Amino acid sequence: MTMNAIESNPDVMNKLLAAIGVPDTFKIHDVLGTDEQEVANLPGNLKALLLVLPKDNFYKEALAEKVSNSELFQAPDVFFIQQTKDNMCGTIALIHAVVNGIESLQLDNCPLKSFIDEVKDLKPEERGNKLVENESIMAAHNEAAAEGQSNQLPGEAGHHMVCFVQV
């Protein structure tokens, strides 16, 4: 199955979060910086920061280093999904933002809860494989990818989305 990239657009991402069962208290907002003033203007608390990076030489070098340090992503208090298919970084970044840093995350019976329950004891790469097999989350991903304002180009996206979250 070919996946299109998700646009870095709060409306698109919020629809995806809702479709996989994330509570309304989690919302994506555009920020132009991380200065105290810009963060103070956000509704609620800042939980995570998503960053879109170009897939340039720096990116490729950092990716190679990350793979060589993969044990960093197996800490017991970090839920990490290794991306195993192209164009899944936006969905994975959103899941990382929601699931990490909250000891008692409460999710109703929903696609995200079912996925987490299924993969919580697996290694990051196995989680990535299970994610692309998850019909509910993949349907939500593809629906969100079709919603954006950008023209979808075939193949791998030219940018990568990462998530920073305090755990």
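Before reading further, recall that the structure is shown in the block above.
Notes on the structure in this doc start here.

Calculation criteria
- Residues numbered from 1 in each chain as written.
- Predicted model: local features only at pLDDT ≥ 70, side-chain atom pairs only at ≥ 80, totals over all residues.
- Heavy atoms only, no water.
- Helix = DSSP H or I, 4+ residues; strand = E, 2+ residues; numbered from the N terminus.
- Buried < 20%, exposed > 50% of the residue type's maximum accessible area, 1.4 Å probe, protein only.
- Contact = heavy atoms within 4.5 Å.
- Areas by Shrake-Rupley, 256 points an atom, 1.4 Å probe, with all protein chains shown as cover.
- Salt bridge = Lys/Arg side-chain N within 4 Å of Asp/Glu carboxyl O.
- Axes fitted to C-alpha atoms, helices over the stretch in contact; angles between N-to-C directions.
- Left-handed = near helix turned anticlockwise from the far one by under 90°.
- Nonpolar A, V, L, I, M, F, W, Y, C, P; charged D, E, K, R; others polar.
- Arc of directions from axis to C-beta.
- Core = buried A, V, L, I, M, F, W, Y, C linked by side-chain atoms within 4.5 Å.

Let's shift gears to the overall build of the protein. In terms of helices and strands, the protein carries seven helices and two strands. Buried residues in the protein amount to 34% of all 167 residues. Within the protein, residue pairs in contact and separated by at least 24 positions form 72% of the contacts whose partners lie at least 6 positions apart. Carbon and sulfur atoms make up 48% of the accessible area of the protein, which amounts to about 10500 Å² in all.

Here the focus is the environment of Leu-122. Looking at where Leu-122 falls in the secondary structure, it is placed in the loop between α5 (111-119) and α6 (124-133). Along the chain, Leu-122 and Phe-80 lie 42 residues apart, while their C-alpha atoms are 10.0 Å from each other.

This brings us to the pattern of salt bridges. Any two side chains of opposite charge can pair, given that their charged atoms come close. All told, the structure shown has three salt bridges when counted by the stated rule. Two residues, Lys-15 and Glu-147, come together in a salt bridge whose shortest N-O distance is 2.9 Å. Remark: Glu-147 occurs in helix α7 (residues 135-147) and Lys-15 occurs in helix α1 (residues 10-19); sequence separation between them is 132 residues. Its salt-bridge partner being Asp-117, residue Lys-113 comes within 3.1 Å of it at the nearest N-O pair. In this pair, Lys-113 and Asp-117 both sit in helix α5, four residues apart, roughly one turn of the helix. For Lys-113, a relative accessible area of 30% puts it in the partly exposed group.

On to the environment of Asn-142, then. Here Asn-142 lies in helix α7. Taking relative accessible area as the criterion, Asn-142 reaches 26% and is therefore assigned partly exposed. Sequence-wise, Asn-142 and Leu-16 are 126 residues apart; in three dimensions their C-alpha atoms are separated by 9.2 Å.

Remark: α5 packs on α6, axes separated minimally by 10 Å, with the N-to-C direction vectors making an angle of 145°. The two elements α5 and α6 cross, and the hand of that crossing is right-handed. Across from Phe-115, Glu-118 and Val-119 in α5, the residues of α6 making contact are Arg-127, Lys-130 and Leu-131. For the contact of α5 with α6, the per-class residue count stands at three nonpolar, no polar and three charged.

By the burial criterion, the buried members of α5 are Leu-112, Phe-115, Ile-116 and Val-119. For α5, the angular spread of the buried residues around the axis is 95°, confining them to a single face. Contact partners of the buried residues in α5: α4 (89-99), α6 and α7.

Let us now look at the nonpolar core. If you look at the biggest cluster of nonpolar residues, it comprises 34 residues, and the most contacted ones within it are Ile-20, Phe-79, Ile-95, Leu-112, Phe-115 and Leu-131. Mapped by element, the contributors of at least two residues to this core are α1, α4, α5, α6 and α7. In terms of residue count, the dominant contributor to this core is α4 (seven residues). With near-sequence residues (within four places) excluded, Leu-131 lies in contact with Ile-81, Met-88, Ile-92, Ile-95, Phe-115, Ile-137 and Met-138.

The subject of this paragraph is α6. Here α6 has its buried residues at Pro-124, Arg-127, Gly-128, Leu-131 and Val-132. All buried residues of α6 lie within an arc of 130° about the axis, which places them on one face of the element. With respect to the buried face of α6, the exposed residues turned more than 90 degrees away are Glu-125 and Glu-133. The secondary structure elements touched by the buried residues of α6 are α4, α5 and α7.

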